[in-house]
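Topology and contacts: notes
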Amino acid sequence: MDLSKIFENNEKWIQAKTADDPAYFENLNKGQKPNVLYIGCSDSRVTAEDLMGMQPGELFVHRNVANIVNAIDLNAQSVINYAVKYLEVNHVVVCGHYSCGGVKAAMESKDMGILNPWLRNIRDVYRAHKDELNAITDEQKRYDRLVELNVKEQAINVLKMAAVQRAVRKRGMQVHGWVFDIKTGKLIDLKIDFQKALADIMEIYRLED
Ligand code: CO
């Protein structure tokens, strides 16, 4: 792929945006007030804004391999804290996807070098749900289920954060778990009962005085 194509595309995009609204970029420059924080996978096929029909300014985005929310990942923790405390988003979405290479790698007996500690997060999800997963004999279905359980566990990891607990209690912020199905293009809401999930973990993870 010739990268000059990207700059041509950019020029066309600017023209399309300003044709509808000449002040488009002037207004964009004034600031952001996104409603949703999206935490998704880095996978090139899962294009956050595109698949949701979201426009610039509407979505605050964090992406990494297999949409992991790890307590000592300063990057993810900073993004979530900034979005929740300062941008005051009303929704935090953890969005996984079927056919996730990161999840697949965590299901294999293989030394992935520097990726090992990252993928360990997914192996930990597998261990926590080993009985349910091992009862699924179809490997593809077990893989899909691990993708879903990983979303759920990462959403719970979001709920373990002080700023999130405060935002849920004080202003009714919501946390969601979704999965994108690459085979069909469909976005699926796993309908996680985050209030119940939060109540379940508060005994151990409450950070407010
Ligand atoms: Co992925």
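See the structure printed just above.
Residues numbered from 1 in each chain as written. Predicted model: local features only at pLDDT ≥ 70, side-chain atom pairs only at ≥ 80, totals over all residues. Heavy atoms only, no water.

1. Describing the overall build of the protein chain
For the protein chain, the helix and strand inventory stands at 10 helices and five strands. C-alpha extents for the protein chain along the principal axes are approximately 55 × 50 × 30 Å. Relative to its full complement of 209 residues, the protein chain shows a buried share of 41%. Within the protein chain, contacts between residues separated by at least 24 positions form 66% of all contacts whose residues are at least 6 apart in sequence. (Helix = DSSP H or I, 4+ residues; strand = E, 2+ residues; numbered from the N terminus. Buried < 20%, exposed > 50% of the residue type's maximum accessible area, 1.4 Å probe, protein only. Contact = heavy atoms within 4.5 Å.)

2. A few points about the side chain of His 176
Among the structural elements, His 176 can be located in strand β4 (residues 174-181). Within the structure, the side chain of His 176 is placed 2.8 Å from the side chain of His 91, a separation counted as a polar contact. (Polar contact = N/O pair within 3.5 Å; in protein donor to acceptor, adjacent residues only side chain to side chain.)

3. Remarks on helix α6 (residues 116-128)
Compared with the 18 Å implied by 1.5 Å per residue over 13 residues, the 18 Å span of α6 between its first and last C-alpha is a close match. Leu 119, Asn 121, Ile 122, Val 125 and Tyr 126 are the residues of α6 that are buried. Packed against the buried residues of α6 are α5 (101-106), α7 (130-134) and α8 (139-159). (Expected span 1.5 Å × (residues − 1).)

4. Remarks on the coordination of the cobalt ion
The reference angle at a metal is 109.5 degrees if four donors form a tetrahedron and 90 or 180 degrees if six donors form an octahedron. Ligation of the cobalt ion by protein atoms is provided by Cys 41 (SG), His 97 (NE2) and Cys 100 (SG), these donors lying 2.0 to 2.3 Å from the ion. Taken in chain order, the donor set of the cobalt ion reads C-x55-H-x2-C. (Donors = N, O, S within 2.8 Å, 3.2 Å for Na, K, Ca; no water.)

5. Some details on the packing of helix α4 (residues 74-86) against helix α9 (residues 162-171)
Two elements in contact, α4 and α9, have axes separated by 9 Å at closest approach and are oriented at 25°. Judged by the inter-axis angle, α4 sits roughly parallel to α9. Of the two elements, α4 crosses α9, and the hand of that crossing is left-handed. Across the interface between the two elements, Ile 80, Asn 81, Val 84 and Lys 85 of α4 pack against Ala 163, Val 164, Ala 167 and Arg 171 of α9. For the contact of α4 with α9, the residue count by class is five nonpolar, one polar and two charged. (Axes fitted to C-alpha atoms, helices over the stretch in contact; angles between N-to-C directions. Parallel < 35°, antiparallel > 145°, perpendicular 65-115°, else oblique. Left-handed = near helix turned anticlockwise from the far one by under 90°. Nonpolar A, V, L, I, M, F, W, Y, C, P; charged D, E, K, R; others polar.)

6. A few points about the pattern of salt bridges
Counting across every chain of the model gives 10 salt bridges. A salt bridge links Asp 43 to Arg 45, with the nearest nitrogen and oxygen atoms 2.7 Å apart. Residue Arg 45 is classed as partly exposed on the basis of its relative accessible area of 44%. Across the pair Asp 181 and Lys 183 runs a salt bridge, and its minimum N-O distance is 3.5 Å. By relative accessible area, Lys 183 is classed as exposed at 58%. (Salt bridge = Lys/Arg side-chain N within 4 Å of Asp/Glu carboxyl O.)

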